[in-house]
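Chain residues, written in single-letter form:
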Amino acid sequence: MLGTIITASAGLVAAPAAGLLGHRQLKRAGHAKLLRLTTPNGIDEAGFVRVGGIDQWVSIRGEDLRNPVVLEVHGGPGAANHVFLPRTRPWERHFTIVRWDMRGADRTFARSGPEGQGEMTLEQLHRDALEITAYVRERLGVAKVLLVANSFGTVLGLRLARSHPELYSAYVGTDQNINDGGRDRTAHRALIDRLQKAGRRKELAMLAATGTDPSPWSAKQWSRYNKLVVTSDPLTYDTMKTVVIRSLWLSPQHTLRALRTYVRGMTFSECLGPQAVTIDERAEGTAFQIPFFVFQGAHDVMTPPAPARRFFDEVTAPVKDFALIEDASHFASFRRPDRFLDLMLTKVRPAITGAPTAP
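First, a word on scope: everything that follows refers to the structure included in this document. Model, not experiment: these values are computed from the prediction.

Some details on the overall build of the protein
Okay, step 1: Assigned secondary structure in the protein consists of 16 helices and eight strands.
Okay, step 2: For the protein, the spread of C-alpha atoms along the principal axes amounts to about 60 × 55 × 40 Å.
Okay, step 3: For the protein, with 359 residues in total, the buried portion stands at 56%.
Okay, step 4: Within the protein, contacts between residues at least 6 apart in sequence are counted, and of these 77% link residues at least 24 apart.
Okay, step 5: Counting 46 positive and 36 negative side-chain charges, the protein places the averaged centre of each group 6 Å from the other.

Right under this line is the structure:
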């Protein structure tokens, strides 16, 4: 879904003008300088780890190895979080962050191409995540890691947090998906309302033909629906252009060829979308044995805060908290990385360390 929007909106696969390339080079150099880690007890390493029968890319970054270890579970599907490093650099002062490119995403996809990704199912991603967790615990010598999932990654994150409290110190979901067995129509009804107000009859007819039940949707239909959700909401579309696309374009870790591969990976990974839409989170369980947090964009139209809040209210956990991130729709943690870090420091870190942390 994101691959389709990015390609259509930014023309990333087209040859850019020389002046644009020069500007990009300067900004990337500045970002590369920003990302340097020189603290004596820090870590900055990255490479491929054999997981689930294929090579998968894992990076570990942080200024102090004594800080809590975060395992990010990225969204998309296929939208790895490395492109947001310059925006989230301050997070690494307080947490050691493990960023993993799932099968089908970014460098993992580039390593062996579409034919080498193996089984593209949620069940396989779950097995991969457990292997990654075991690798991180051994590599960093920690008993548990803090699970931070965003967008599509929250589908996997909930299952991990629910089933393996022995591995994770807490769960943090942002852009939290609540599919409710495919029954929740909050986002769909809001989309119809926006399209009606805008007089977009063609798109309304397409929605009517697709139907409200997402269970029979193909990957193409799922992608087309989500593209409509994004482009019909001004705040979400602005975030896509100014945060997501800009982060891709100026990523110091991605050449132009790598950007094209990144987008191809997202398009390839769209097959995972329809697998997630009928998951019933309540049927799978609302009891969590670890601290549970949801930090949602206040104006999120893709994963609306209301269903996330209803699910949160039913959750039982040793500690739990819910917060809205203002001036944010989807991609809330990347549009407002300062606010997200504040929530991590004031709500999450005390729950896993037993002591508050000064910013």
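What follows picks up the thread again.
Details of the sheet that holds strand E8 (residues 320–325)
Okay, step 1: As summarised here, the arrangement of the eight strands in space is E1-E2-E4-E3-E5-E6-E7-E8, forming an open sheet in which the pairing is mixed. The open sheet terminates on both sides in strands that have one partner only, identified here as strand E1 (43–51) and E8. Pairwise comparison of adjacent strand axes, ignoring direction, gives a mean angle of 20 degrees for this sheet.
Okay, step 2: Of the strand pairs in this sheet, strand E2 (residues 54–62) and strand E4 (residues 96–100) are connected by four bridges, and their pairing is antiparallel. Residue pairing across strands places Ile60 opposite Val98, the latter belonging to E4.
Okay, step 3: Docked against the sheet, helix H14 (residues 305–314) engages strand E7 (292–297) and E8, running at close to 170 degrees with respect to E8.
Okay, step 4: Sheet strands in contact with helix H16 (residues 337–353) are strand E5 (145–150), strand E6 (168–174), E7 and E8, and its direction is about 170 degrees off that of E7.

Digging into the packing of helix H5 (residues 122–140) against helix H6 (residues 153–163)
Okay, step 1: Contact geometry for H5 and H6: axes closest at 10 Å, N-to-C directions at 60 degrees. In terms of orientation, H5 lies oblique with respect to H6. The element H5 and its partner H6 pack so that their crossing is right-handed. Across the interface between the two elements, Leu122, Glu123, Leu125, His126, Ala129 and Leu130 of H5 pack against Val155, Leu156, Arg159 and Leu160 of H6.
Okay, step 2: Residues belonging to the contact of H5 with H6 are distributed by class as follows: seven nonpolar, one polar and two charged.

Here we look at unusual backbone geometry
Okay, step 1: Here the bond from Gly76 into Pro77 is cis, since omega is 0 degrees, no more than 30 degrees from zero.
Okay, step 2: For Asp175, which is not glycine, the phi torsion reads 55 degrees and is therefore positive.
Okay, step 3: As for its placement among the helices and strands, Asp175 is situated in the loop between E6 and helix H7 (186–198).
Okay, step 4: A positive phi angle, close to 55 degrees, is found at Asp180, a residue other than glycine.
Okay, step 5: Topologically, Asp180 is positioned in the loop between E6 and H7.
Okay, step 6: Assessed through its relative accessible area of 16%, Asp180 is described here as buried.

Considering the nonpolar core
Okay, step 1: Counting 51 residues, the largest nonpolar core has Phe95, Leu146, Val172, Phe295, Phe340 and Met344 as the members making the most contacts within it.
Okay, step 2: Sequence-distant contacts of Phe340, defined by excluding residues within four places in its chain, comprise Trp91, Val148, Val172, Thr174, Phe295, Ile325 and Ser333.
Okay, step 3: Val58, Val98, Val315 and Phe322 belong to the second largest nonpolar core, which has 43 residues in total.

Overview of the side chain of Asp233
Okay, step 1: Its place among the elements puts Asp233 in the loop between helix H9 (219–231) and helix H10 (234–249).
Okay, step 2: Arg194 is the oppositely charged side chain nearest to the buried, salt-bridge-free Asp233, at an N-O distance of 4.7 Å.
Okay, step 3: A polar atom in the side chain of Asp233 sits 2.5 Å from the side chain of Thr236.
Okay, step 4: Residue contacts for Asp233: discarding those within four places in its chain leaves Arg194, Val301 and Ser329.

Looking at H7
Okay, step 1: For H7, spanning 13 residues, the distance from its first C-alpha to its last is 19 Å, which sits close to the expected 18 Å at 1.5 Å a residue.
Okay, step 2: Looking at H7, one finds that the buried residues are Ala187, His188, Leu191, Arg194 and Leu195. Angularly, the buried residues of H7 cover 125 degrees about the axis, an arc narrow enough to put them on a single face. Seen from the buried face of H7, the exposed residues on the opposite side, beyond 90 degrees, are Arg189, Gln196 and Lys197.
Okay, step 3: Packing partners of the buried residues in H7 comprise helix H8 (201–210) and H9.

Reading guide: rules and limits
Residues numbered from 1 in each chain as written. Predicted model: local features only at pLDDT ≥ 70, side-chain atom pairs only at ≥ 80, totals over all residues. Heavy atoms only, no water. Helix = DSSP H or I, 4+ residues; strand = E, 2+ residues; numbered from the N terminus. Buried < 20%, exposed > 50% of the residue type's maximum accessible area, 1.4 Å probe, protein only. Contact = heavy atoms within 4.5 Å. Lys, Arg positive; Asp, Glu negative; His and termini not counted. Charge placed at Lys NZ, Arg CZ, Asp CG, Glu CD. Pairing = 2+ DSSP bridges. Axes fitted to C-alpha atoms, helices over the stretch in contact; angles between N-to-C directions. Parallel < 35°, antiparallel > 145°, perpendicular 65-115°, else oblique. Left-handed = near helix turned anticlockwise from the far one by under 90°. Nonpolar A, V, L, I, M, F, W, Y, C, P; charged D, E, K, R; others polar. Core = buried A, V, L, I, M, F, W, Y, C linked by side-chain atoms within 4.5 Å. Salt bridge = Lys/Arg side-chain N within 4 Å of Asp/Glu carboxyl O. Polar contact = N/O pair within 3.5 Å; in protein donor to acceptor, adjacent residues only side chain to side chain. Expected span 1.5 Å × (residues − 1). Arc of directions from axis to C-beta.

By themselves, these are just geometric observations and shouldn't be taken as functional.
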